[in-house]
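Letter by letter, the chains look like this.
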Amino acid sequence: MSVLLEARNLEKSYRLGRGRVLHAVSGVSLQVRKGEALALVGESGCGKSTLGRTLIGLTQPTSGKVLFDGQEISGLSDRAMRPWRARMQMVFQDSSAAFNPRRTVGESLAEPLRIHRRHGVRERVAELLDQVGLSQSVAGRFPHEFSGGQRQRLNIARALALGPELLVADEPVSALDVSVQAQIVNLFGDLRASLGVACIFISHDLSVVRQMADRIAVMYLGSIVEEGNGLNVLDRPAHPYTKALLDAVPRPDRALPPPLQGDVPSPVNPPSGCRFHTRCPIAQPRCATERPVLQPSGEGRQVACHYPL
Amino acid sequence: MDAEQLLDIQGLKLNLPDGTRLLEGVSLRLNAGEALGVVGESGSGKSLTAMSVMGLLPGLKASGSILFSGQELVNLPDKVMRKLRGARIAMIFQDPMTAFLPVRSIGAQIDEQIRLHHRVSRREARARTVQLLERMGVPDPAMAAKRYPHQLSGGLRQRAMIAMALSCTPALLIADEPTTALDVTVQAQILTLLREIREEGAGVMLITHDMGVVAQACTHVAVMYSGLVVENGPVRDVLDRPLHPYTQALLAAIPPLDGPRPERLPTISGQPPTPDNRPTGCVFAPRCSFVRSECAVRPPLTEIEEGRRVACVLYAA
Amino acid sequence: MIRSFLSRTGQMALVIFGISVLVFCIFFATPGADPTARIAGRGASPQVMARIRAEYGFDRPLPVQYVRMMEKLFVTRDLTSFVNHGQKVVPEVVSAAPVTLSLVVWAAFFWVVGSLVIGVASAVLRDSWVDRLLMVLGLIGLSMPVFWLGEVINLFTQSRWHDTWLFRWVPPLGYVPLSQSPIGWAKSLLLPSLTLSVSFMGLYARILRSELLSAMGEDSIRTARAKGAGPARVWLWHGLRLSWLSYVSLFGLDFAQLLGGGALLTEVVFALPGVGRLTYQALATLDLPLIMATVMYAAVFVVIANALVDGLYALLDPRIRDGQHGR
């Protein structure tokens, strides 16, 4: 399958004043093929949301390139970006904020279609509602009349309106209850199967990610530490951080192993060498000085560790 | 049971002033040295149950019975309740950032609770605070006590919150989603801490929506749905062999972290009912795949085997 | 630290410069405000007009005039009035300042105490008849013009009921310096400061009530209850601590504004020779040097108060101290 989106050595940093710089994303390279689902996972502050926004041009990278369908889209002006916007869309976590509370959901869904001067708006809105599993009759209702799960369906419908080739979903199910979460997880599966749309899921929940993604990229302090086929990475993690993340998930069927100590260090002054060495259970002296790079380690997997498991 | 019965809630109902019923008659039991996980989705009434035990819902009308160490808490005058709160029953909250007063140091806020219930000097209170923080695994506790909430990391804030709750050695600790706002690696640390507290003899009531959290930190579990406890029992039994169709569906809806990946996740169709249009019969009947005609009458929570109770017609004798 | 102090001082200087230029320009752009004609008097000969123009420097370009006026105001401090020949304006402002200061300190005391009591009481008893009554009273206080209230009070305490037991103590209008008689000073300021404080009391009570009530919904207040704190402690210790930020900042600005002459109407009605009344006189006679002096004086106060409020904010809220807001 051909490459849809490619990031080359992407950096994003923010100046905080007083000479302090926050390195949100540092040196990330990745590819998303057409129709593929990639998940970016990690704890808060690992840069996964910033990376997601940078990939679809909502945030400009400090350096590095983003290519969509072979053409560079990073550094484009808002105006030059406009034709690309229709081809990639974002789904946000807070489903209640995405719709104007004073307009019916039908009007809100029609808006992007009108902006991009599409024809057959009415039919398209009906089709969208059908795709996300809502009845066409809800088009006349207002956002507050919907439950959280239904609002997330509407949110997905809005993102699908212009027929994008790529969806970036930031924590699409984390605000939902378990039973509703399962419905939305299934919905994404159905949409990928029927529309062939590629997805980037940003999530902290490993079990959700395992269900939704073909490939997983694990991030720690702005960099990818492990990347590969989802089931492989989660069933046989090669990076000690991936293993620690997996171990920390409380499961009904086994006792919790001793957890990692401490908190994630601040991205303003990250540790030297391997950024994980301060918390790594198997760290060696070399890890504190030499930063490991992402290297292939079989099964189409890449790991950034001097001593992979 | 030979353990001391710490908390016994019987048929707790809670009404809004306009008559809307939020809790439909919750029944729970908790012994000292046990940890009871109260699980349910948003709107199931799990937090309301906890707040009722704390007596922190002044605007709502409660009826039924909450026995705490043999003392009736429903309609207890606030003056008496205040002496229990913080001293015998303590609570920790979901977001330690907002739960602490942002404008005072962590230590001052823990000192305050100690001095509210014990006649000790400022210096003695602070010594105890530092000791507590140390026990909770806060590095450099004397320094941390001088910090403001926003200057600590999420994990340390929650440890400080737990230190504050434990400052007067309560018999019952209520934790309302204590790890939801935390990262998984930090959550694992906090869950380990909660387990230690329980092993030291306190009763813990843990409110959560996460079955994994219950499995790790609790000895017993009560599953709530729509203002009612639908199933109650030892945690291993309930997780391994759920009886109520809702518990079964809830467990099945969690995506697995190992083994084969299912093509689709089993789901529960529809939405939980809102408090003003709950069915008169079994509250889960409209979404249940085993629904039958007897479900039009609400089934009571009945003990079907030693320590296991379930509210479902499928298990009626 | 030093850098932020310097940049702050620079900002303050810039604001004061801007205000002075604005006042100066507006004055010379106002028709009929030509100072030459005013100083020379009615029907003066062209020769006299020319002489005065040269003497006062009105024939020079405006920027030069501006610089000279600022120099006389701030450096040599011998700026003289255009209206009362030879009267120096800086000493006038300086002698008026203690009067205003006394009035405003009294008023601030009344309105802070009053609004705290009313605000907390109506928040605690929210939606009861006491709350509604207090809020209606506050609204009345807020909407009563201070000059009208002052005149009404004068009418009753100075003439109509002056001889009754209730108001026999009220001294005649005017000001008694503290150094002359502390009792007389207090008596002469009691009614004016109460009058001045009424509208502020109403406004501050309403603000405090709404801030307190929104603070009561915070998680940290729930924590305080869960700790076993009683209602008095929850409201006064925790609640006020969360809600007094906006109260304090508002107070700082209002206080400075009044010190700078904002109590003009009260001072005029009660014949108190303060900065406000001086401003009033200067405006009535279109006396540029006096206007400039009083406006500069007010601007300095407001700018300094602004800086103080920001400093106080950082003191009250450690999050601002650390340069991060909220999370």
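Quick caveat, the model's predicted, so the values are computed rather than measured.

A. Representation of the UniProt feature "domain: ABC transporter" (unreviewed entry) in chain B. Mapped onto the present numbering, the UniProt feature "domain: ABC transporter" (unreviewed entry) falls at residues 7-251 of chain B. Note that residues 7-251 of chain B is 40% helix and 26% strand, and that its end C-alpha atoms are spaced 27 Å apart.

B. A look at the packing of helix H12 (residues 275-285) of chain C against helix H13 (residues 288-316) of chain C. Residues and elements named next belong to chain C. Interhelical geometry of H12 versus H13 gives an angle of 145 degrees and a closest axis separation of 9 Å. As for how H12 packs across H13, the hand of that crossing is left-handed. Facing Val 275, Leu 278, Thr 279, Ala 282 and Leu 283 of H12, the residues of H13 in contact are Leu 290, Ile 291, Thr 294 and Tyr 297. Here the residues of the contact of H12 with H13 are counted per class, giving seven nonpolar, two polar and no charged.

C. Inspection of the pairing of strand E9 (residues 215-220) of chain A at higher detail. Residue and element names in this part refer to chain A. The buried fraction of E9 is high, at six of six residues. Pairing analysis gives four bridges linking strand E3 (residues 37-41) to E9, with the strands arranged parallel. Looking at E9, one finds that Leu 38 is bridged to Arg 215. Hairpin connection of E9 to strand E10 (residues 223-229): two residues between the antiparallel strands, including Leu 221 at a positive phi of 50 degrees.

D. Here's a closer look at the side chain of Thr 279 of chain C. Residues and elements named next belong to chain C. Its location among the elements puts Thr 279 in helix H12. By relative accessible area, Thr 279 is classed as buried at 14%. With sequence-adjacent residues up to four places away left out, Thr 279 is seen in contact with Leu 264 and Thr 294.

E. A nonpolar patch on the surface, seen in detail. Residues and elements named next belong to chain C. Together, Trp 129, Leu 133, Val 136, Leu 137 and Ile 140 line one region of the surface with nonpolar side chains, adding up to about 540 Å² of accessible area. For Ile 140, the location among the structural elements is in helix H6 (residues 129-143). Exposure remark for Ile 140: the relative accessible area of 44% places this residue in the partly exposed category.

F. Quick peek at the pattern of salt bridges. On inspection of all chains with the given rule, the structure shows 40 salt bridges over all chains. Note that Lys 227 of chain C and Glu 112 of chain B form a salt bridge whose closest N and O atoms lie 2.9 Å from each other. Taken together, the residues span two chains, with Lys 227 of chain C in the loop between helix H9 (219-226) and helix H10 (231-262) and Glu 112 of chain B in helix H4 (residues 106-117). As far as burial versus exposure is concerned, Lys 227 of chain C and Glu 112 of chain B are alike and both buried. Beyond isolated ion pairs, a larger network of salt bridges with shared partners links Arg 33, Glu 36, Arg 215 and Glu 227 of chain A.

G. Spotlight on the packing of helix H7 (residues 146-160) of chain C against helix H8 (residues 182-216) of chain C. All names here are of chain C. Where H7 meets H8, the axes come as close as 9 Å, and the angle between the chain directions of the two elements is 145 degrees. You can see that H7 and H8 cross each other, and the crossing is right-handed. Along its contact with H7, which presents Val 146, Leu 149, Gly 150, Ile 153 and Thr 157, the element H8 presents Leu 191, Thr 195, Leu 196 and Val 198. When grouped by side-chain class, the residues that make up the contact of H7 with H8 number six nonpolar, three polar and no charged.

H. Seen up close, the domain arrangement of chain C. All names here are of chain C. For chain C, the domain assignment lists domain 1 (11-76) and domain 2 (90-321). Placing the centre of domain 1 and that of domain 2 at their C-alpha centroids yields a distance of 36 Å. Opposite the 15 residues of domain 1 that make contact, domain 2 presents 15 residues. With both sides pooled, the region where domain 1 packs onto domain 2 buries about 1,400 Å², and carbon together with sulfur makes up 91% of that total. At the boundary of domain 1 with domain 2, the tally comes to zero residue pairs in polar contact (both at pLDDT 80 or more). Its residues assigned to classes, the side of domain 1 that touches domain 2 comprises 13 nonpolar, one polar and one charged.

I. Quick look at the confidence of the model for chain C. Across chain C, pLDDT averages 86, with 97% of residues at or above 70. When mean pLDDT is taken per element in chain C, helix H5 (residues 89-124) of chain C scores highest with 92 and helix H2 (residues 35-40) of chain C scores lowest with 75.

About the thresholds
- Residues numbered from 1 in each chain as written.
- Chains lettered and ligands numbered in written order.
- Predicted model: local features only at pLDDT ≥ 70, side-chain atom pairs only at ≥ 80, totals over all residues.
- Heavy atoms only, no water.
- UniProt positions renumbered as here; feature names shortened; annotations may be inferred.
- Helix = DSSP H or I, 4+ residues; strand = E, 2+ residues; numbered from the N terminus.
- Axes fitted to C-alpha atoms, helices over the stretch in contact; angles between N-to-C directions.
- Left-handed = near helix turned anticlockwise from the far one by under 90°.
- Contact = heavy atoms within 4.5 Å.
- Nonpolar A, V, L, I, M, F, W, Y, C, P; charged D, E, K, R; others polar.
- Buried < 20%, exposed > 50% of the residue type's maximum accessible area, 1.4 Å probe, protein only.
- Pairing = 2+ DSSP bridges.
- Patch = residues over 30% accessible without salt bridge, like charges linked within 9 Å, V, L, I, M, F, W, Y side chains within 5 Å.
- Areas by Shrake-Rupley, 256 points an atom, 1.4 Å probe, with all protein chains shown as cover.
- Salt bridge = Lys/Arg side-chain N within 4 Å of Asp/Glu carboxyl O.
- Domains from an automatic or database assignment.
- Buried area = accessible area lost by both parts, 1.4 Å probe.
- Polar contact = N/O pair within 3.5 Å; in protein donor to acceptor, adjacent residues only side chain to side chain.
- pLDDT = per-residue confidence, 0-100.

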